[in-house]
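If you want the building blocks of each chain, they are given just below.
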Amino acid sequence: MDIVNFLNTTFYRDSSYLVLTVLCLIWILVDSKCSKRGKRMAVYAILCYFGIIWNPIVASYGVVFFGEDMYAYMRIFYLIPLMTILAYGATSFYTHCISPEDERRKKVIYMLLLVCTIMISGKTYGKSMYRDIHNIYKIDQDAYEISNIIMENKGDERPIAWVPKTEDIWYGIRQYEGHIILEGDSNTITDRTELYQAMREHEFEFIVFPKSGKLCAQISEKLFLEVGQTENYIIYKKVES
Amino acid sequence: MIAILKIVFGIVCVLVLLGVCPFVIGVLLSKKTSHDLSYNFIYVYMLGLMLLVAVSEVIGVPLTLMKASFSTYVLIYSGVLILLMLLAVLTARQRMAELLKITIQSVKNADRRWGWILLGVFLPILLLEFRTTYVYGDDKVYLAMVNDIVTSNRLYLTNIETGGTDGWVIAKYALSSYWLWIAYLVKISKVHVLILCKTILPFVFVPLGYALQGLLASYLFKGEQRKIWIFMFLVLIFTFFGGFSTYPVTYRFYTWVWQSKAFLAIIAVPFMFLYCSYIYEKGPSFRDYVFLAIMNIAMSSTTLTGTGLAVAMSCVLSMLYAVLYKRLRIVFYTILTCIPSFFIMVFYLKYAAILEKINFYG
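Residues numbered from 1 in each chain as written. Chains lettered and ligands numbered in written order. Predicted model: local features only at pLDDT ≥ 70, side-chain atom pairs only at ≥ 80, totals over all residues. Heavy atoms only, no water.

Trainee: Sorry if this is basic, but what is going on with the environment of I267(B) here?
Mentor: Residues and elements named next belong to chain B. Following the sequence through the fold, I267 ends up in helix α12 (residues 260-282). You can call I267 buried: its relative accessible area is 1%. Sequence spacing of I267 and T303 is 36 residues, and the spatial spacing of their C-alpha atoms is 13 Å. In contact with I267, other than residues within four places in its own chain, are M46, L49, M50, F205, L208, G209, L212 and A262. (Helix = DSSP H or I, 4+ residues; strand = E, 2+ residues; numbered from the N terminus. Buried < 20%, exposed > 50% of the residue type's maximum accessible area, 1.4 Å probe, protein only. Contact = heavy atoms within 4.5 Å.)

Encoded structure:
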């Protein structure tokens, strides 16, 4: 039962969409004007909820198939055509209460009540789910410029680089430029000793440091040449000995 | 200027690959059925799209296990696509013209208030062109993976973290060809994967997702236009306010096309639900069962979740309709159509052993 509780609370969180779903399913089943097709859809959803999703025996075996990852198992909810059921139930309710001949004011009020109920019950995605874009590739601008600078100054077809292993920089470069091999995290290098050790132990052509770091001022031009800068980073290329 | 022309060329390629091809191939598949829906543009389009995705799975999985190059996949897939298109043009062009005529007439006769629905569908896409969904977790993996496939000309054998070479492929990538299919679109259109997925494809998949909801509405309300319009309006509202967790099928999914599970949830699963409900109600023919098997393969190509969902959905629906219409053979034949999915499930469970047997690691 723990699995079932987890699935339900993680899926629906603190929204009232579960309440709306139950109300819609009940309405679809009891309303005589709902078509048989709609009623079959409601019965199908109920069978899926109780037979598969909320069934502790099925859930415990199902999770095994997902490598014991309960978050991956959340996709079992795709079995339910949730938005279709909600919209169908709400439409059937609205058309039961409002006929085409009713006055416009009544139609608007009923629809507004429905829309407000949906808005209060649910949640939109917040600002944190969407970010501003700075280039046509919609990746971090520093990552975009670092990639271009490395490709403009590369010696090998597949240049090897050490870059800061942050989500924006590392994975921005990986998504944008597949030719660059990212071998190491330059954030782990904090002084010249560590830099020389990295040079001894690893082969790389480029290294990227944040401008705000102290290391940039310490880098010898005999070893590294600055080939470009972005707003927040400096890109160095190893000097061929 | 050249960059703009390149993008325009890419958009035209995407429109052909995702606009014309599925429709033409769908006409070929639907021409022998007597279903009412076989004169519905979206239904015919979806038949074609599911077949395209299923063909990608049938070609992509063996080539991945054979460690073939991406160019080989592109060549074979393009060849099959061209053959299917030629077959359709040679044998079903009259029906194609008829269907186009019916569709154009429906659009011309549509009520003005449908413009509000189209606004609700397209306005968020336009606004999101100037934003991007926050990249985390799997997002960066899949986009990097598609980029690597195109850049390296290898099928998955690239380390996603570093970009270096890998000697192995995990089961969920090897057995699901969705990212190969996206890489194919990137290769043919010559548009970068980031531009294709984050800018161009939302204009295809978001309207398609809503069109499928409209098709479901048409099926549920038996063509009553007023109710379908109200349904579509409410679907828009429910979708926008469904962001209470990251799991419901909400607006974030609609714009998340590089996530195969988004394609599964928005496109494949709703269509399978409609298809199964429709054929079981009418009484399925042999061709219907064959296409159901193809749908199983198409669902498997999105993710391994799709494999399980295809089996679960078709079996539950078949049992429901078998009891309602007292046609128990529906369950038996449906189980037979799930054989491709069972095969993939077994392959997944015995993946390591099979790779050893075929000497995948050299």
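From this point on, the discussion continues.
Trainee: What is the right way to read the pairing of strand β5 (residues 224-229) of chain A from this model?
Mentor: On a regular strand, each side chain points to the face opposite its neighbour's, so the side chains alternate between the two faces of the sheet. All names here are of chain A. By the bridge criterion, 5 bridges tie β5 to strand β6 (residues 233-238) in an arrangement that is antiparallel. From the neighbouring strand, F224 faces β6, where its bridge partner is K238. Hairpin connection, β5 to β6: the antiparallel pair is bridged by 3 residues. (Pairing = 2+ DSSP bridges.)

Trainee: Teacher, can you tell me more about unusual backbone geometry here?
Mentor: Trans is the prevailing form of peptide bonds, just as negative phi is the prevailing case for residues other than glycine. Of note in this structure, K138(A) is not a glycine but carries a positive phi near 60 degrees. In this structure, K222(B) takes a positive phi of about 50 degrees despite not being glycine. Along the polypeptide, K222(B) turns up in the loop between α9 (202-220) and α10 (225-240). A residue is classified by how much of its surface remains accessible, and K222(B), at 58% relative accessible area, is exposed.

Trainee: Would you mind going over the interface of chain A and chain B with me for this structure?
Mentor: Often, the extent of an interface is quoted as the loss of accessible area on bringing the components together. Listed per partner, the contact involves 73 residues of chain A and 81 residues of chain B. Here chain A meets chain B over a buried area of about 7300 Å², counting both sides, of which 66% is carbon and sulfur. If you sort the residues of chain A by the area they bury against chain B, R37(A), Y78(A) and Q175(A) come out on top, with a joint share of 12%. If you look at where chain A meets chain B, you find 6 salt bridges. Between E167(A) and K140(B) there is a salt bridge, with the nearest N and O atoms lying 3.5 Å from each other. (Buried area = accessible area lost by both parts, 1.4 Å probe. Salt bridge = Lys/Arg side-chain N within 4 Å of Asp/Glu carboxyl O.)

Trainee: Before we go on, may I ask you to explain the sheet that holds strand β4 (residues 206-210) of chain A in this structure?
Mentor: Backbone-to-backbone hydrogen bonds pair the strands of a sheet. The strands run either parallel or antiparallel. Residues and elements named next belong to chain A. Within the open sheet, the 5 strands sit side by side as β3-β2-β4-β6-β5. Their pairing is mixed. Edge positions in the open sheet fall to β3 (181-185) and β5, since each of these has one partner strand only. Across this sheet, the average inter-strand angle for adjacent strands is 30 degrees, counted without regard to direction. (Axes fitted to C-alpha atoms, helices over the stretch in contact; angles between N-to-C directions.)

Trainee: What exactly am I supposed to notice about the packing of aromatic side chains here?
Mentor: Residues and elements named next belong to chain B. A complete count under the given rule lists 43 aromatic pairs over all chains for this structure. Summarising the aromatic geometry, the rings of F41 and Y45 are spaced 6.4 Å apart at their centres and angled 20 degrees between planes, so their arrangement reads as stacked. Residue F41 and its partner Y45 are located together in helix α2 (residues 41-65), separated by 4 residues, close to a single helical turn. By relative accessible area, F41 is classed as partly exposed at 26%. Judged by its relative accessible area of 6%, Y45 is buried. Here a set of aromatic residues connected by ring pairs shows up, and it is made of Y142, Y156, Y173, Y178, W179, W181, F205 and F263. (Phe/Tyr/Trp six-rings, centres within 6.5 Å; stacked < 30°, edge-to-face > 60°.)

As far as function goes, none of this settles anything; it's purely spatial.
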